[in-house]
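Here are the chains, one letter per residue:
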Amino acid sequence: MSQRVPANVPPPRGRRAAALLAAVVEARTAWLAATVDVLHQRKSVGAAWLVGSLGRGSADPYSDVDLVVAVDDTTPQSVLDDPVAGLHLPGRLLFTRGKPRNAPAGGGYVTVCVELAALPVLIDLYLWPAITAAIPTDGRLLLYRETPPPRTGLAFMPLLDQHRTPDSTGADANHPASILLLVQLAAKYLARGDRQRHVAITRHLGFPSGVEIVTLRQILDERVDQAAAEAMRPAINAAHRLLDLVDTVTGDGLTRDGGPSRNAR
């Protein structure tokens, strides 16, 4: 399950950055393989597939995992409410972030952050009732138990819109998990050189024109209250390691306190 880095993604600067990016791709592939094994053991799981860039085959080392799991009507509500614990997903869990309005009707949704190769990797996990499940045009089937779900001519988001839950509850924008998620997404788009999406993400952090790595570091250090910071220290540290990597890739050459790094040129 190797991925070719798209031409618009800036190449890493230095062997260490290249090695870290290769390691996270390998770890992400291993996580998916372990997840497939876990899902095979759950009798209520009928199928699973990838969407997004991994589903389309256009993923790069910064790509998140968009995973759809079709479940039958024997699935307990507790699994829909907490898919990570209910499905016993592998990996070191850093945090989860709920956003009920992203779920398909009768199903569940959660953003999961796991640590892979010492870096934080986001998983958008959708539990989709088997009765309405279909594989979109940007879907890649990972497993099925008996008969694979039907294919549809729609891409994933239009398909989800047709089946979206009536629950309009969003995510708490001030929750530490929301801040961590937004910082990681902002860093990802900065590493890719995708200015438009970087600015769109950082607007949610109160910076309408985008921010650089030094500001993203300050957000992590200053916007999570002390009690939450202690509880989420592994997640915060992993996010800082991601920022360190993106700093190297983009050549900003800034240390955490904003001064020039020893490797700056």
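Attention in this report is confined to the structure presented alongside it. (Residues numbered from 1 in each chain as written. Predicted model: local features only at pLDDT ≥ 70, side-chain atom pairs only at ≥ 80, totals over all residues. Heavy atoms only, no water.)

Here we take up the overall build of the protein chain. When helices and strands are tallied, the protein chain shows 10 helices and six strands. When each of the 265 residues of the protein chain is scored for burial, the buried share is 50%. In the protein chain, the proportion of contacts linking residues at least 24 apart, taken out of those at least 6 apart, comes to 64%. Counting only carbon and sulfur atoms, one obtains 50% of the accessible surface of the protein chain, whose full area is about 12900 Å². (Helix = DSSP H or I, 4+ residues; strand = E, 2+ residues; numbered from the N terminus. Buried < 20%, exposed > 50% of the residue type's maximum accessible area, 1.4 Å probe, protein only. Contact = heavy atoms within 4.5 Å. Areas by Shrake-Rupley, 256 points an atom, 1.4 Å probe, with all protein chains shown as cover.)

This brings us to the sheet that holds strand E5 (residues 119-129). Reading across the sheet, the six strands line up as E3-E4-E5-E2-E1-E6 and stay open at both edges, with mixed pairing between neighbours. The outermost strands of the open sheet, each flanked by one partner alone, are strand E3 (92-98) and strand E6 (140-144). Strand after strand, the sheet turns through a mean of 25° between neighbouring axes, direction not considered. Relative to strand E4 (residues 108-116), E3 runs antiparallel, the two sharing six bridges. The residue of E4 that forms the bridge with Arg-92 is Glu-115. (Pairing = 2+ DSSP bridges. Axes fitted to C-alpha atoms, helices over the stretch in contact; angles between N-to-C directions.)

Now for the side chain of Thr-165. Inspection of the secondary structure assignment puts Thr-165 in the loop between helix H5 (156-163) and helix H6 (176-192). In this structure Thr-165 comes out as buried when scored by relative accessible area, which is 17%.

Turning to the packing of helix H1 (residues 15-40) against helix H10 (residues 233-250), a few remarks are in order. Relative placement of two packed helices is described by the angle separating their axes and the distance separating the axes. Following both chains from N to C, one finds H1 and H10 inclined at 130°, their axes separated by 10 Å at the closest point. Comparing their axes, H10 and H1 come out oblique. As H1 packs across H10, the resulting crossing turns out to be left-handed. Across the interface between the two elements, Ala-17, Leu-20 and Leu-21 from H1 touch Leu-245, Thr-248 and Val-249 from H10. (Parallel < 35°, antiparallel > 145°, perpendicular 65-115°, else oblique. Left-handed = near helix turned anticlockwise from the far one by under 90°.)

Moving on to the packing of aromatic side chains. A full pass over the atoms with the stated rule returns three aromatic pairs. An angle of 50° between the planes, with centres 4.8 Å apart, marks the rings of Tyr-109 and Tyr-126 as tilted. Residue Tyr-109 is located in strand E4, and its partner Tyr-126 is located in strand E5; the two are separated by 17 residues in the primary sequence. Of the two residues, Tyr-109 and Tyr-126, neither departs from the other in class, the shared state being buried. Joined through ring pairs, the aromatic side chains of Tyr-109, Tyr-126, Trp-128 and Phe-156 make up one cluster. (Phe/Tyr/Trp six-rings, centres within 6.5 Å; stacked < 30°, edge-to-face > 60°.)

Right, let's get into the pairing of E5. In terms of burial, E5 is largely enclosed, as 11 of its 11 residues are buried. For strand E2 (residues 65-71) and E5, the ladder comprises seven bridges, and the chain directions are parallel. Of the residues in E5, the one forming a bridge with Asp-66 is Asp-124. Both E4 and E5 contribute to a ladder of nine bridges, which runs antiparallel. Residue Val-114 lies in a different strand from E5, and its bridge partner there is Val-121. Between E4 and E5, which pair antiparallel in sequence order, lie two residues; one of them, Ala-117, sits at a positive phi of approximately 55°.

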